[in-house]
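In case you want the letters, here they are:
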Amino acid sequence: MTHEHDFELILAIAEGAMGPAEQAAAEAVLAPCQVCRTDLQLQREALAALQAAPPVVMTASERASFHRTVAENLIPVPQKAHTQPNLPWFQRLMPAMAAAAALLVIVGVGSILVGRTAGTDVAAEATTTAAVTNLDQADFREEAADTAGAAELDDGAGATTTAAALAAPQVSGVEEYGSVSSTDLADIAAQMKTSESTAGSEGYPLDFLRSPALEPALVCADTANSEGRITAIGRATVDGDNVEIYRIDDLVKVYSTADCSLTNLFE
Amino acid sequence: MSFRSVEDAGLVSSFLEGDRRAFDELMRAHEDRVFAVCLRILTDRDAALDAVQETFITVYRKAGQFSGASAFSTWLYRVAVNTCYDHLRRNRKHQAQPLPDTTDPADVRSEDLLGSVELRPDLEQALASLAPEFRAAVVLSDLEGLPLQAVAEALDVPIGTVKSRVFRGRRLLAEYLRNLSGSSAHQRGEHDA
């Protein structure tokens, strides 16, 4: 009997997950094996000790401190980020464009009718058309901001936002290390820890790196749930596993992009 | 799906529509269990308090990323466990401390419970002796009573890995308790002699 292969059976017996007959049969299977019997006994002892453990709760002062700290750190309520995540931008713009077109038609027909009856008021028409155009641009900017994940596109001076300015937020300083060994990875981490910040003098706040439209895309920035700032980012392939490397404060963390599990930590 | 899960889903939805009270309700519904998980993993009340605060602040900021594919509580535990892991990494150089004698007479709910915790310092020591990965699996499975599948989702590992961690964690814990009780008996024997 191979003990390594029996732990699921031992777990099931210890937890009483089987019916009486099944349980007896399973225990009979383990009976000839001393190691398995010992393992089963240890499982039962651990379970008994754990199940007898009393629950723990916060004290009144801890609870008050907890509520106060949380309240102090909460920013305005976040809204659901993407209600229509899979639609291309032009489809998401369609309602706004349709509304703008309808307004233009109404304004055009109205001014023709007014012009026929009372003469064309060129200034008024120009003002209305400009307002509609501004509305259209505002909608476009809002949609583009949503698409790009950018929180702020307004330049503060009311200038027209160009298409170039609507690009996704860029992350500079992402180092590509290519295919490396585990030893190389340790060297890279050591190098990252001592190098100058490649992400600006103060680094990136995590909120920025969590933008879904980031370029280049970072898969695991969201997992690096530290409160610190990321001051260096790298990407590599270690033993066939694609990883992302983040320097967060004094730590260098390596995440597998397959599942964003932490694979290495260099302190 | 349990009543709690349905209620949580509704609260998350309300919160994402801008209802701050829904978040408060979610927090109050889960804060004790999250605190318990953090305390069992970190074995230090101050660190656990920091971790539970950080957990709910993260949940508040990232609630929009909760997909609803699993129960809210599972997602919450995942955030809590990751926060605890971060704390442990940051404080790796510090030795884990046993639970302090913290009682607060003002909190009637916790007074007796804390008293009873102190009756089992051996269990606290045994838990603290486990590697964090084993400890988290045992805490979620055996102390919080999560199904193994939910533990797997909370720890973001395959269910086979969870079974292995629970199995090995319990075995180490029982062995530690046996040794502790053996050495206590030995000390008692010496004292009696």
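Residues numbered from 1 in each chain as written. Chains lettered and ligands numbered in written order. Predicted model: local features only at pLDDT ≥ 70, side-chain atom pairs only at ≥ 80, totals over all residues.

Novice: Any details on the overall build of chain A? Residues and values, ideally.
Specialist: When its secondary structure is counted, chain A shows eight helices and six strands. For chain A, the sequential pattern of α-helices and β-strands runs α-α-α-α-α-α-β-α-β-α-β-β-β-β. Counting every position in chain A, which comprises 267 residues, the buried fraction comes to 20%. In chain A, 57% of the contacts between residues at least 6 apart in sequence involve partners at least 24 apart. (Helix = DSSP H or I, 4+ residues; strand = E, 2+ residues; numbered from the N terminus. Buried ≥ 20, exposed ≤ 12 C-beta atoms within 10 Å, placed from the backbone. Contact = placed C-beta atoms within 7 Å.)

Novice: Mind laying out the nonpolar core, listing which residues take part and the relevant values?
Specialist: B:C38 and B:A80 are the most contacted members of the largest nonpolar core, which has 71 residues in total. The greatest single-element share of this core, amounting to 12 residues, is contributed by helix α2 (residues 20-42) of chain B. Discounting residues that sit within four places of it in the chain, B:C38 has contacts with B:A48, B:A51, B:V52, B:A80 and B:C84. Counting residues in each nonpolar core, the second largest holds 19 residues, with A:L185, A:V238, A:Y246 and A:Y255 among its members. (Core = buried A, V, L, I, M, F, W, Y, C linked by C-beta atoms within 7 Å.)

Novice: So what about the pairing of strand β6 (residues 262-266) of chain A? Which residues, and what values?
Specialist: All names here are of chain A. Examined bridge by bridge, strand β5 (residues 251-256) and β6 share four bridges and lie antiparallel to one another. Each residue of the ladder has a partner; that of V254, found in β6, is N264. Remark: five residues form the turn of the hairpin made by β5 and β6, two consecutive strands paired antiparallel; C260 in that turn has positive phi of roughly 60 degrees. (Pairing = 2+ DSSP bridges.)

Novice: How would you sum up the environment of B:E133? Please name residues and give values.
Specialist: Residues and elements named next belong to chain B. You can see E133 is positioned in helix α7 (residues 132-143). For E133, a count of 16 C-beta atoms within 10 Å corresponds to the partly exposed category. Taking the C-alpha atoms as reference, E133 lies 8.7 Å from L155; in sequence the two are 22 residues apart.

Novice: Lay out the pairing of strand β4 (residues 241-248) of chain A in plain terms, naming residues and giving numbers.
Specialist: Residue and element names in this part refer to chain A. Within β4, six of the eight residues are buried, leaving the element largely enclosed by the surrounding structure. Connecting strand β3 (residues 229-238) to the antiparallel partner β4 that follows it, the hairpin turn spans two residues, and D239 within it adopts a positive phi of roughly 50 degrees. In this sheet, β5 lies alongside β4 in antiparallel orientation, the contact comprising six bridges. Each bridged residue has a counterpart across the sheet, and for V243 the counterpart in β5 is S256. Taking the residues that link successive antiparallel strands as the turn, the β4-β5 hairpin has two residues, and the phi of D249 there is positive, at about 55 degrees.

Structural measurements only, silent on function.
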